[in-house]
Amino acid sequence: MKGKKFLLTTVLAASFTAMLGAPSAAATVYTPVAGTTCSFNKYLIMDKDDVVPNATFSFTAAPGTGIAATAASGTTPGTVQVLPGVGTPVISDVTFAPGDATETSAGTYVDVARPASDRDSTLDATTGVQLETSEKFATKPVTVSFTGITFDEPGVYRYIITEDEDTTHTAAGIMHDNDVDRVLDVYVVDKGNGTLEVSSYVMHKNADTVPANDTNGSGSVTIPGAALADKTDGFTNEYSAKDLVIRKEVTGNQASRDKWFEITVKLTGVGDDDTFVVSIADDGDDTTTDGNADATTGTTSATRGTNQGQTNPTSVTGAALKAGQKFYLQHGQSIAIRGIAPSVTYTVTEDAEDYKSINPSAYTTGLKVDGYGDPTTGVMGTVAGNKKAVMTSYLNQRDGVIPTGIILSAAGLIIVAIIVVAGIVFFGVRSRRKYEEE
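The paragraphs below set out a description of the structure included in this document. Just so it is clear, the structure is predicted and the values come from calculations on it, not from any experiment.

1. A closer look at the pattern of salt bridges
Link 1 in the chain: This structure, assessed with the given rule, holds 20 salt bridges.
Link 2 in the chain: Among the ionic pairs, K140 bridges to D100, the shortest N-O distance being 3.4 Å. One end of the pair, K140, is in strand β11 (residues 135-145); the other, D100, is in the loop between β7 (94-96) and β8 (109-110), and 40 residues separate them in sequence.
Link 3 in the chain: Relative accessible area serves as the criterion here: at 21%, K140 is assigned to the partly exposed category.

Structure follows, in structure tokens:
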């Protein structure tokens, strides 16, 4: 009886165990992975004789549009699914300023596969914007932070990065890229053990570009160079500044060509900390705007004392130009202030002293300084238009009235003296002969 009870208990236990079923494998539940940070480049191209301007650039990020996956067919790879980005990454502003390092290598390519402004003719589809021999560029990294954003599934998460268009940039001569949007994909992968990892960040230009699977459709999107021929490393802008050239000439029979005149240049719309190169000599480079003046004024009898021993600076701040920077020029000399934003208003005045000042706005035929006929006040970009430089000048006139009369010149005095001497000699000889005859 006891044996039967044991057997029954055993059978019941086995039946109960069978009812419960064998233990099953636990379902995979991903632990969300936090985003990190990445960066892209910001390029600013300018003429090589320009100083890097003060300029700040801002960017915004927003989730992109999801794209469904496609299956591989034969040897044609399919594409993986693209998911809209989650959360909003934070992008730091980037600021350029005078003194920033620049690169000047001719033929250098920047911003892979992206034209800047109207530079399409110098764009190579596989390399980017090519610098001209007269250009240089500054580069700054821009940080994109995904801190606080988590991803809970493997996938390609898409974001659209947009450079904010700033009207002050346009006024300052800074041209934005033709395309102000970039695509930033975040690749989240399963490491093979049920753990998620943010493996890479890839920036490219087209929102309809989809990463490819391999030919087996396994979804290996981390293969180096897989698809995405439109990769880019950032945004490119150009600084198209203008130059201001001032020339001095004198005319008239009493005009002194070794006299130094005082010229004052004032700029409105520049920052106090802006820095401008002033050319007072030809640097032998045909791609730059040059002046032709003395570094220090000398002493001449025609030059007043306050204009003697003065220095023409080769660099000047925005604060000095806002207040009015003085320069000193002789006949035939000029200075060139480089790298002024098109939106800046300039005013050039001079102390003509006792010379008649002939302002370019009142030029008449025959009194214009050849090639320097722009007005002495105006807006840089409006006056220059498509030209690189505003060319303005002061032509001064000083004439004296030459007395007229019997004696017209020194030569006339000599002739009269000869006649007088000849007369004295003639009459002297005649008187002597007459005396001897008597």
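2. Re the sheet that holds strand β25 (residues 356-358)
Link 1 in the chain: Taken in spatial order, the six strands make up an open sheet running β21-β20-β23-β18-β27-β25, and their pairing is mixed. In this open sheet, the two edge strands, each paired with only one partner strand, are β21 (315-317) and β25. In this sheet, neighbouring strand axes are inclined to one another by 25° on average, regardless of whether the strands run parallel or antiparallel.
Link 2 in the chain: In terms of strand pairing, β25 meets strand β27 (residues 389-397) through three bridges, oriented antiparallel.

3. Brief notes about the pairing of β11
Link 1 in the chain: Sheet topology places strand β2 (residues 37-47) next to β11; eleven bridges connect them, and they run antiparallel. Each residue of the ladder has a partner; that of N41, found in β11, is P141.
Link 2 in the chain: Strand direction decides the pairing type here: strand β6 (residues 90-91) and β11, joined by two bridges, are antiparallel. Each bridged residue has a counterpart across the sheet, and for V90 the counterpart in β11 is S145.

4. Considerations on the nonpolar core
Link 1 in the chain: With 58 residues, the main nonpolar core has F151, L244 and I337 as its most contacted residues.
Link 2 in the chain: When residues in this core are grouped by element, the largest group, four residues, is from β2.
Link 3 in the chain: Discounting chain neighbours no more than four positions away, the residues touching I337 are K242, D243, L244, V265, F276, V277, V278, L321 and F327.
Link 4 in the chain: Grouped together as the second largest cluster of nonpolar side chains are seven residues, V245, V369, Y372 and L395 included.

5. A closer look at the packing of aromatic side chains
Link 1 in the chain: Per the stated rule, a full pass over the model turns up nine aromatic pairs.
Link 2 in the chain: Ring centres 5.8 Å apart and planes at 85° place the aromatic pair F57 and F96 in the edge-to-face group. Here the residue F57 occupies a position in strand β3 (residues 55-57), and F96 occupies one in strand β7, the gap between them amounting to 39 residues. Residue F57 shares its accessibility class with F96, and that shared class is buried.
Link 3 in the chain: Aromatic side chains F59 and F235 sit 5.3 Å apart centroid to centroid with 50° between the ring planes, which places their arrangement in the tilted category. Here F59, found in strand β4 (residues 59-63), pairs with F235, found in strand β17 (residues 234-239); they are 176 residues apart in sequence, far enough to count as distant. Take F59 and F235: they sit in the same class, and that class is buried.
Link 4 in the chain: One aromatic cluster in this structure is built from F40, F59 and F235.
Link 5 in the chain: We note R182 situated over the ring of F235; from NZ or CZ to the ring centre the distance is 4.2 Å.
Link 6 in the chain: Above the plane of the ring of F261 lies K259, whose end atom (NZ or CZ) is 5.2 Å from the centre.

Cut-off values and rules
- Residues numbered from 1 in each chain as written.
- Predicted model: local features only at pLDDT ≥ 70, side-chain atom pairs only at ≥ 80, totals over all residues.
- Heavy atoms only, no water.
- Salt bridge = Lys/Arg side-chain N within 4 Å of Asp/Glu carboxyl O.
- Helix = DSSP H or I, 4+ residues; strand = E, 2+ residues; numbered from the N terminus.
- Buried < 20%, exposed > 50% of the residue type's maximum accessible area, 1.4 Å probe, protein only.
- Pairing = 2+ DSSP bridges.
- Axes fitted to C-alpha atoms, helices over the stretch in contact; angles between N-to-C directions.
- Core = buried A, V, L, I, M, F, W, Y, C linked by side-chain atoms within 4.5 Å.
- Contact = heavy atoms within 4.5 Å.
- Phe/Tyr/Trp six-rings, centres within 6.5 Å; stacked < 30°, edge-to-face > 60°.
- Lys NZ or Arg CZ within 6 Å of the ring centre and 35° of its normal.

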